[in-house]
Amino acid sequence: MSRYYTRACNFYYGNLSKKLIKEKKSIPLNGSNFISFDSIELITRKSKKKIPIKKISSLPRLIKKKVLFDLKNITEKKKNFSNFNFLKLPNIMGVLNLTPDSFSDGGKYNNKSKGIKHAIQMIKSGANIIDVGGESTRPGSKGVKTKIEWKRINKILKSICNKVPISLDTRKSEIMEKGIRLGVKIINDVSGLSYDPETKNVLKKYKVPFVIQHSQGIPENMQKNPKYKNVLLDIYDFFEKEIKKIDNKKIVIDPGIGFGKNLKHNLTLISKISLFHSLGFPILIGTSRKRFISQISGKNDSKSRIGDT
């Protein structure tokens, strides 16, 4: 039997969404009346078919059961955590790179006073949380030792964890544990929990919220001819498998735009992103100034890609 996937589609927003929900012509996304949809796309590895919500009841029994299970995940209200408000869309993650070599702002904020000032300014500008990282994971970058990474971030973490909500961007369990003890609100592991075998034990021990990101390969080689059978469904299957390994409901999933994906992969993920709602977790999209934007816009300087982002 074919494996079926359910993607919400035909979205409505704002007052129109509220009106259609009231008239029972659309159903809410994640419990929010401000975003709703009236159709699904039923997908297999070989086919896809658009079906209005009102016709789901006529599907074959087993397929209908699967679709209704997915719709529960898609429509269910999400519980807030880590300073995110999931009825207020979108939530914004500000990025504070404390590195000399990050592709967009390496070296710009990597001293204590500049870093703290920038973090507070991003919160004032509307960010819900600040993602702090001490290791660049740009394409082609090489990893840094744990001691160096911690040295880059520890003073600023100690200074701002009690002032602003912090997400800690790291692949290393030792740094995760130190950050959790300082009060970070969420762990953001771009390796999808695969880099450090102790990561899952740390997350289980502290039951801390975390972002699980998909990445094909490691930063040093991830952009060397990435391949998928079906980028959308392959990544969905990855998340489904990994999420089952950890008993934690406070998870955010990130398809990893630009992490082992070419332009076509990235655009497929962005245009079909609503598939991941059927996993039942909030979705993080990281597109800011990334290389694929220059492939579309022709702007090769990362500093000039903000508008395109």
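Reference entry: report on the structure contained in this document.

Reading the values: the criteria
Residues numbered from 1 in each chain as written. Predicted model: local features only at pLDDT ≥ 70, side-chain atom pairs only at ≥ 80, totals over all residues. Heavy atoms only, no water. Axes fitted to C-alpha atoms, helices over the stretch in contact; angles between N-to-C directions. Helix = DSSP H or I, 4+ residues; strand = E, 2+ residues; numbered from the N terminus. Parallel < 35°, antiparallel > 145°, perpendicular 65-115°, else oblique. Contact = heavy atoms within 4.5 Å. Nonpolar A, V, L, I, M, F, W, Y, C, P; charged D, E, K, R; others polar. Buried < 20%, exposed > 50% of the residue type's maximum accessible area, 1.4 Å probe, protein only. Phe/Tyr/Trp six-rings, centres within 6.5 Å; stacked < 30°, edge-to-face > 60°. Lys NZ or Arg CZ within 6 Å of the ring centre and 35° of its normal.

Notes on the packing of helix 7 (residues 231–243) against helix 8 (residues 263–271)
Relative orientation and spacing of two packed helices are given, respectively, by the angle between their axes and the distance between those axes.
Then step 1. The interhelical angle for the contact between helix 7 and helix 8, taken along N-to-C directions, is 70 degrees, at an axis separation of 9 Å. For the element pair helix 7 / helix 8, the angle class is roughly perpendicular. Between helix 7 and helix 8, the contacting residues are Val231, Leu232 and Ile235 on the first element and His265, Thr268 and Leu269 on the second.
Then step 2. Its residues assigned to classes, the contact of helix 7 with helix 8 comprises four nonpolar, two polar and no charged.

What to know about the environment of tryptophan 150
Then step 1. Its location among the elements puts tryptophan 150 in helix 4 (residues 146–160).
Then step 2. Here tryptophan 150 falls in the buried class, since its relative accessible area comes to 14%.
Then step 3. The spacing of tryptophan 150 and asparagine 225 is 75 residues in sequence and 32 Å in space, taken between C-alpha atoms.

Overview of the packing of aromatic side chains
Then step 1. All chains considered together, the criterion is met by eight aromatic pairs.
Then step 2. Their ring planes at 85 degrees and their centres at 6.3 Å tell us that phenylalanine 81 and phenylalanine 84 sit as a pair that is edge-to-face.
Then step 3. Taking relative accessible area as the criterion, phenylalanine 81 reaches 8% and is therefore assigned buried.
Then step 4. Seen in terms of ring centroids, phenylalanine 84 and phenylalanine 86 are 5.8 Å apart; in terms of plane orientation they differ by 35 degrees. Their pairing is tilted. Of the two residues, phenylalanine 84 and phenylalanine 86, both sit in the buried class.
Then step 5. Ring pairs connect the aromatic residues Tyr5, Tyr236, Phe238, Phe239 and Phe276, which therefore count as one cluster.
Then step 6. Stacked on the ring of tyrosine 195, the Lys or Arg arginine 171 has its end atom at 4.1 Å from the ring centre.

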